[in-house]
Amino acid sequence: MRRWNGWGDEADDTHVGSSGRRYLSKTLGPGTPPRDATLAQVVATVPPTRLADGDDPLLSTDPELRVRRARGQSFPDLVALRSGRLEAVPDAVARPATNADVRRVIDIAREHASRLIPYGGGTSVVGGVSARPSQDPLITVDLAGLNTVSRVDERSGLATVGAGITGPDLAPELAARGLTIGHEPQSWELATVGGWVAARGSGLKSLGMGRIEQLYAGGTLEAPAGAMDMAPYPASAAGPDLRQLVLGSEGRLGFLTDVILRTTPLPEAERMEAWALPGWGEGQEAVRELVQARAGLSLLRLSTPAETQTLLAFADRPSQTRLLTTYLRVRRRPSDWVLLLVGVSGRRRIASAAAAEAASVLRRHHGTKIPSLASTWYRTRFRSPYLRNALWAAGYGSDTLETATDWSHVPLLLARLEASLAGALAPWGERAHVFTHLSHVYPSGSSLYVTYLFRLATDPDETLARWQALKRAASDTISTEGATITHHHGVGTDHAPYLAAEKGPLGMAALQSIVRTFDPEGLMNPGVLLSNRHG
Ligand SMILES: Cc1cc2nc3c(=O)[nH]c(=O)nc-3n(C[C@H](O)[C@H](O)[C@H](O)COP(=O)(O)OP(=O)(O)OC[C@H]3O[C@@H](n4cnc5c(N)ncnc54)[C@H](O)[C@@H]3O)c2cc1C
């Protein structure tokens, strides 16, 4: 069964190994495991529903289900769930199975002056599905029932699927037809297709396969103002593309019900390689050269020296780490070497040529190929989210943030961002351990994916205050440096205060009037994307 207060399956017992614990103790000090509330304790605090029509067959007012759908996976969500201080739970959970059900849920909300929170896999890390105190009743709309593959046009490579389907349920159906989606966020196990589109996400292999904007071909939006169908034209010059409005709409415009995805033939060959580059500067130059040469790779992921060392510590294989360190020392690589992962995928001959081209560029940048590490990383690529539960149990908080900027600004932004995070806990006499990688790279720039670890306080409110200080420091830096407030996690509520700096007054006014057009009564996902009902 899915864990109600963290990531993944309840039965999973991932823990921080001894070398990871030593590393954390050395960098941050010993952690104090918190005392979490139990599900029964939290369910006991659920207030009666405010919905007069709570017995509609589409709605459930079961207190446990209301708790299980109350929050997503942001750090504040985690603190609320673990401490049992939820602030709000939805008054009901709706579980539509058809587009007609979705329309009916919209009608129910209208009749009962309620607000609707679209809930896909609930993996939002920015507060996109969190119930917040509201004068109006809240209905969380769990879209998991929209999970069918209704059409696959193999000739065109187009698959029409229900927005509530997850990657693991969809992938085998496509694989049986020789196709793949190519979108693999690290939240793969739980996130849904509708959530990918609504939050404008990016998969691990976005370099080769494209972001969700390239993979989303069209579909249906059921909005309070009516339904909008978007045809899967391969390209069109018929004015602005309405699909771009829906991408990143985060449930503010309506519900994505049918999603048409562009698929790719299953790759004949798929390979990952790990390289050691002598230092961060050299690593960045190598990656920039590869992406600007359009070398045909599916993935490039470059870790800073701090991330490289942290990954090795958490791998908890001390003998292998020693062997690797000796191997690199013998090859006269500096101690601040950085890890680069390189992926190729596709037709065998093309993939081999791309790997050969990458190897020649990397050797010119004094890279050294590391045996076996990349295949282990690839095999366990969806396991790292489980580490968050384990860190919490050991007394440490962990969160990530992501941004993007052009190559000219990457070095300065990285330095300022890491410094702002590292110093943000000074008022508590604490520090954060901060490390970064470049994960999604483009010819003109790169995303920066920053992880920060810190000690939990004994009081959950203080833990939250520490996180708020970290988040504010990082978001202010990103905004001041002119980078985007989010590269792929979306805006939610956590980034909403920073959106105006990025879009400008006219841009914000345009967004507000678009929301009003699709949702004139302000039924949809209050506070998400735009700061209040209509922004
Ligand atoms: C451990 C972890 C790793 C992650 N890794 C990645 C990653 O690699 N790449 C990435 O892009 N993101 C990542 N994320 C963020 C998150 O998984 C993505 O934003 C994902 O696309 C959300 O999908 P979901 O189905 O869980 O959506 P939800 O979290 O349920 O919803 C996200 C937003 O979309 C809205 N929404 C959801 N479904 C619909 C719909 N059908 N119609 C209208 N609105 C809808 C919601 O109201 C909400 O505002 C990660 C999150 C976690 C916890």
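One structure accompanies this document, and this report is about it. (Residues numbered from 1 in each chain as written. Predicted model: local features only at pLDDT ≥ 70, side-chain atom pairs only at ≥ 80, totals over all residues. Heavy atoms only, no water.)

### So, the site of the ligand
For step 1, the next point in the chain: Taken together, 35 residues sit near the ligand, with P118, G120, T123, S187 and T192 positioned nearest.
For step 2, the next point in the chain: Contact distances for the ligand include 2.6 Å between an oxygen atom and a side-chain N or O atom of S187.
For step 3, the next point in the chain: In the model, a nitrogen atom of the ligand is placed 2.8 Å from a nitrogen or oxygen of the L256 main chain.
For step 4, the next point in the chain: For the ligand, the protein covers 96% of the area, taking 950 Å² as the surface of the free molecule.
For step 5, the next point in the chain: Mapped by element, the contributors of at least two residues to the shell around the ligand are β3 (115-119), α7 (193-198) and β10 (255-262).
For step 6, the next point in the chain: Residues of the shell around the ligand, tallied by class, amount to 15 nonpolar, 19 polar and one charged. (Near = heavy atom within 4 Å. Polar contact = N/O pair within 3.5 Å; in protein donor to acceptor, adjacent residues only side chain to side chain. Areas by Shrake-Rupley, 256 points an atom, 1.4 Å probe, with all protein chains shown as cover. Helix = DSSP H or I, 4+ residues; strand = E, 2+ residues; numbered from the N terminus. Nonpolar A, V, L, I, M, F, W, Y, C, P; charged D, E, K, R; others polar.)

### Side note on empty space enclosed by the protein
For step 1, the next point in the chain: What the rule picks out here adds up to one cavity of 30 Å³ or more.
For step 2, the next point in the chain: Within this model, the largest cavity holds a volume of roughly 50 Å³.
For step 3, the next point in the chain: Put simply, the parts of the chain that give the lining of the largest cavity at least two residues each are β16 (396-406) and α18 (460-480).
For step 4, the next point in the chain: The element contributing the most residues to the lining of the largest cavity is β16, with three residues.
For step 5, the next point in the chain: Grouping the amino acids of the lining of the largest cavity by side-chain chemistry returns three nonpolar, three polar and four charged. (1 Å grid on protein atoms, 1.4 Å probe; cavity = no way out; pocket = protein on both sides within 12 Å on 5 of 7 lines; lining within 4 Å. Points joined across faces, edges and corners; volume = space filled by probe spheres on them.)

### Section: the sheet that holds strand β2 (residues 92-94)
For step 1, the next point in the chain: In space, the four strands of this open sheet follow the order β1-β2-β4-β3, with mixed pairing throughout. Both edges of this open sheet fall to β1 (59-60) and β3, since each of them pairs with a single strand only.
For step 2, the next point in the chain: For β1 and β2, the ladder comprises two bridges, and the chain directions are antiparallel. Bridging from a neighbouring strand, L59 pairs with A94 of β2.
For step 3, the next point in the chain: Strand contacts of helix α5 (residues 99-111): β1, β2, β3 and β4 (138-142), with the helix running at about 150° to β3, the strand carrying the most contacts. (Pairing = 2+ DSSP bridges. Contact = heavy atoms within 4.5 Å. Axes fitted to C-alpha atoms, helices over the stretch in contact; angles between N-to-C directions.)

### Focus on unusual backbone geometry
For step 1, the next point in the chain: Not every positive phi belongs to a glycine, and A113 is a case in point at roughly 45°.
For step 2, the next point in the chain: Locating A113 in the fold gives a position in the loop between α5 and β3.
For step 3, the next point in the chain: For A113, a relative accessible area of 41% corresponds to the partly exposed category.
For step 4, the next point in the chain: Residues other than glycine seldom take positive phi values, yet S372 does so here, at roughly 65°.
For step 5, the next point in the chain: Position of S372 among the secondary structure elements: in the loop between β15 (368-370) and α15 (373-379). (Buried < 20%, exposed > 50% of the residue type's maximum accessible area, 1.4 Å probe, protein only.)

### A few points about the pattern of salt bridges
For step 1, the next point in the chain: If you walk through the whole model with that rule in mind, you get 32 salt bridges.
For step 2, the next point in the chain: Across the pair R383 and D12 runs a salt bridge, and its minimum N-O distance is 2.5 Å. One end of the pair, R383, is in the loop between α15 and α16 (384-393); the other, D12, is in the segment before α1 (18-28), and 371 residues separate them in sequence.
For step 3, the next point in the chain: A network of salt bridges, in which partner residues are shared, links E184, K205, E270 and R381. (Salt bridge = Lys/Arg side-chain N within 4 Å of Asp/Glu carboxyl O.)

### Some remarks on the nonpolar core
For step 1, the next point in the chain: Counting 54 residues, the largest nonpolar core has V161, L170, L221 and L261 as the members making the most contacts within it.
For step 2, the next point in the chain: Setting aside its immediate chain neighbours within four residues, L170 contacts V149, V161, I165, I181, V193 and L261.
For step 3, the next point in the chain: With 53 residues, the next largest nonpolar core counts F75, L414, V450 and Y452 among its residues. (Core = buried A, V, L, I, M, F, W, Y, C linked by side-chain atoms within 4.5 Å.)

### Focus: the environment of G445
For step 1, the next point in the chain: Along the chain, G445 turns up in strand β19 (residues 445-455).
For step 2, the next point in the chain: Its relative accessible area of 4% is what places G445 among the buried residues.
For step 3, the next point in the chain: A sequence separation of 40 residues divides G445 from T405, and the C-alpha atoms of the two residues are 5.6 Å apart.
For step 4, the next point in the chain: Apart from residues lying up to four places away in sequence, G445 is in contact with T405, D406 and W407.

### Topic: the side chain of T192
For step 1, the next point in the chain: Tracing the sequence through the fold places T192 in the loop between β7 (179-180) and α7.
For step 2, the next point in the chain: A relative accessible area of 4% means that T192 is categorised as buried.

### Looking at the packing of α1 against helix α12 (residues 305-315)
For step 1, the next point in the chain: Two numbers describe how α1 lies on α12: the axes approach to 7 Å, and their chain directions differ by 135°. Taken together, the axes of α1 and α12 are oblique relative to one another. Every residue of α12 that contacts α1 at S19, G20, Y23 and L24 is listed here: A306, Q309, T310, A313 and F314.
For step 2, the next point in the chain: Among the residues forming the contact of α1 with α12, the class breakdown is five nonpolar, four polar and no charged. (Parallel < 35°, antiparallel > 145°, perpendicular 65-115°, else oblique.)

### Describing the pairing of strand β13 (residues 299-303)
For step 1, the next point in the chain: Burial runs high along β13: five of the five residues are buried.
For step 2, the next point in the chain: Residues L299, R301 and S303 of β13 are buried on one face, and the alternating residues L300 and L302, pointing to the opposite face, are buried as well.
For step 3, the next point in the chain: Bridge count between β13 and strand β14 (residues 338-346): four bridges; the pairing is antiparallel. In the sheet register, L300 faces β14, and the bridge partner there is V342.
For step 4, the next point in the chain: Bridging between β13 and strand β17 (residues 433-438) involves two bridges; their strand directions are antiparallel. Along β17, the bridge assignment pairs L302 with L438.

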